[in-house]
Amino acid sequence: FRYAEQSRRKQAHDKMVLSTRITTTKTSLFLAALFSVTKSSAFSPPSTTTRDVKLTPSQLFHHGSCEDIARRRSILSIGSASVTFLPYLSTVLSPANADFAPGGTLLDRPVSVTYGNPEASPSRLKDNSNVLFNQDNYYKFGAAAQWIEPGSTEFPKTVPFSPSQQRYDALKKYGGRVKSSVQGITNIGSILDGGESASQIAEANDPSYNLRALGLLANSFLASENTGTTNELMLARWYINEMYLRIGDVRAALEKGNSSEAKECYGYLKKAMNSYLSLMNRVITSKVGDKFEYL
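Because the structure is predicted, anything quoted here is derived from the model rather than measured.

Among the nonpolar cores identified, the biggest contains 63 residues, and Y276 and M280 are the most heavily contacted of them. Looking at this core, the elements that each hand over two or more residues are α5 (137-141), α6 (164-193), α7 (211-221), α8 (231-255) and α9 (259-281). When residues no more than four places from it in sequence are discounted, the contact partners of Y276 are V178, L214, L217, A218, A236, Y239, I240 and M243.

The next subject is the packing of aromatic side chains. In this description, an aromatic ring pair is defined by two values, namely the gap between the centres and the angle between the planes. Counting across every chain of the model gives three aromatic pairs. Ring centres of W147 and W238 lie 5.7 Å apart, and the angle between their planes is 45°; this geometry places the pair in the tilted category. Taken together, the residues W147 in the loop between α5 and α6 and W238 in helix α8 connect sequence positions 91 residues apart. With respect to class, W147 is no different from W238; both count as buried. Put simply, the rings of W147, W238 and Y239 pair up and form one aromatic cluster. In this arrangement the basic side chain of R109 is found over the ring face of Y115, its NZ or CZ atom lying 3.9 Å from the centre.

Counting across every chain of the model gives eight salt bridges. Among the salt bridges present, the one from R246 reaches D249, with a minimum N-O distance of 3.0 Å. On the criterion of helical spacing, the pair formed by R246 and D249 is a turn pair, its members being three residues apart in helix α8. For the pair formed by R246 and D249, the shared burial category is buried. Linked by salt bridges that have partners in common, R124, D136 and E242 make up one network.

Turning our attention to the packing of α7 against α9. Where α7 meets α9, the closest approach of the two axes is 11 Å, and the angle between their N-to-C directions is 30°. Of the possible angle classes, the one that applies to α7 and α9 is roughly parallel. In the packing of α7 onto α9, the handedness of the crossing is left-handed. On the side of α7, the interface is formed by L214, L217, A218 and F221, while α9 contributes M273, Y276 and M280. Tallied by class, the residues present in the contact of α7 with α9 amount to seven nonpolar, no polar and no charged.

To continue, consider unusual backbone geometry. Between F155 and the following residue, P156, the backbone shows a cis peptide bond with an omega angle of -10°. Mapped onto the elements of the fold, P156 is located in the loop between α5 and α6. We note that N128 has phi near 65°; this positive angle belongs to a residue other than glycine. Within the fold, N128 resides in the loop between β2 (106-107) and α5. Taking relative accessible area as the criterion, N128 reaches 1% and is therefore assigned buried. Positive phi, close to 55°, is recorded for N210, a residue that is not glycine. Tracing the backbone through its elements, the reader meets N210 in the loop between α6 and α7.

Moving on, we come to the side chain of R109. Relative to the helices and strands, R109 resides in the loop between β2 and α5. Despite its burial, R109 pairs with no opposite charge, the nearest such side chain being D108 at 4.9 Å. Polar side-chain contacts of R109 include one of 2.9 Å to the backbone oxygen of F141.

Before going further, it helps to spend a moment on the packing of α7 against α8. At their nearest, the axes of α7 and α8 sit 9 Å apart, and the two run at 175° to each other. On the basis of the axis angle, α7 is roughly antiparallel to α8. Between α7 and α8, the contacting residues are L211, L214, G215, A218 and N219 on the first element and L233, A236, R237, I240, M243, Y244 and I247 on the second. For the contact of α7 with α8, the class distribution of residues is nine nonpolar, two polar and one charged.

Attention now goes to the environment of P122. Among the secondary structure elements, P122 is positioned in the loop between β2 and α5. Since its relative accessible area comes to 60%, P122 is described here as exposed. Taking the C-alpha atoms as reference points, P122 and L245, 123 residues apart in sequence, are found 8.8 Å from one another.

Once that is clear, we can look at α7. Of all eleven residues making up α7, eight are buried, and the element is well covered by its neighbours. Every buried residue of α7 is accounted for by L211, A213, L214, G215, L217, A218, S220 and F221. In this fold, the buried residues of α7 make contact with α6, α8 and α9.

The rules behind the values
- Residues numbered from 1 in each chain as written.
- Predicted model: local features only at pLDDT ≥ 70, side-chain atom pairs only at ≥ 80, totals over all residues.
- Heavy atoms only, no water.
- Core = buried A, V, L, I, M, F, W, Y, C linked by side-chain atoms within 4.5 Å.
- Buried < 20%, exposed > 50% of the residue type's maximum accessible area, 1.4 Å probe, protein only.
- Helix = DSSP H or I, 4+ residues; strand = E, 2+ residues; numbered from the N terminus.
- Contact = heavy atoms within 4.5 Å.
- Phe/Tyr/Trp six-rings, centres within 6.5 Å; stacked < 30°, edge-to-face > 60°.
- Lys NZ or Arg CZ within 6 Å of the ring centre and 35° of its normal.
- Salt bridge = Lys/Arg side-chain N within 4 Å of Asp/Glu carboxyl O.
- Axes fitted to C-alpha atoms, helices over the stretch in contact; angles between N-to-C directions.
- Parallel < 35°, antiparallel > 145°, perpendicular 65-115°, else oblique.
- Left-handed = near helix turned anticlockwise from the far one by under 90°.
- Nonpolar A, V, L, I, M, F, W, Y, C, P; charged D, E, K, R; others polar.
- Lys, Arg positive; Asp, Glu negative; His and termini not counted.
- Polar contact = N/O pair within 3.5 Å; in protein donor to acceptor, adjacent residues only side chain to side chain.

Structure, rendered in structure tokens:
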């Protein structure tokens with residue numbers, strides 16, 4: 001009995017030490033990231049109007065991570081940080097509220113799979129391990145992306161350049177498979193209208209959906225050897241991953257006998273597909289080929 005009690009106390013102590021080390025490491029990384037961009041400018045106390053500033057998913061997408069935006073925030077116009085700044089730092093950008101996206105981006109808020117878009121699939125795991133393309137918008141920014149209305153060019157503000165020949169070849173190679181994918185999603189709607197069961201809908205990883213072909217087309221449309229993996233490419237992957245997750249959500253709802261939930265999930269599935277197609281159509285010019293039709 002005495003040995004068991006000593007073992008229990010040792011395990012509790014080790015757990016407490018490990019927790020303290022993790023908290024200390026997280027705080028150190030957070031402060032290091034902030035002060036690394038502030039060594040050369042003079043400290044001026046920040047205005048109280050900026051105390052509750054939070055970064056929206058759109059700001060993160062267009063301007064970069066928390067570390068990047070910190071350089072442009074008035075609250076971080078610091079040089080030799082004095083002791084008077086530290087209490088303010090702990091209340092405005094507290095390490096307790098900071099978090100890291102799956103890809104390692106430092107954020108000034110907790111990571112959430114639905115942050116920025118409450119219609120994003122809640123089935124996504126926090127570490128992004130249950131999707132087709134791991135490196136997507138959520139992987140980098142720890143947030144969901146907004147939907148793109150069919151034909152809209154408001155978001156994203158710009159798209160990266162890729163050679164027209166590269167886009168032409170990719171559309172010729174994958175265009176038919178993309179259309180097949182659109183048809184596969186349309187078929188799910190027809191099945192739901194007919195009141196069929198989950199067994200009538202193929203699983204999300206079924207090759208008939210051609211979801212990986214959507215990713216291959218995006219690779220050629222939104223990236224090149226010069227740009228590497230762009231934010232816009234990660235955005236396209238996020239929409240594809242949402243399709244993948246929502247197909248599973250539709251099946252899960254039908255298995256529970258909840259047809260209304262299944263139809264709601266299908267509505268989000270259509271939004272994900274149309275958002276992807278809108279992004280692709282922005283870079284399909286007359287020299288490249290014909291634009292895709294929306295759902």
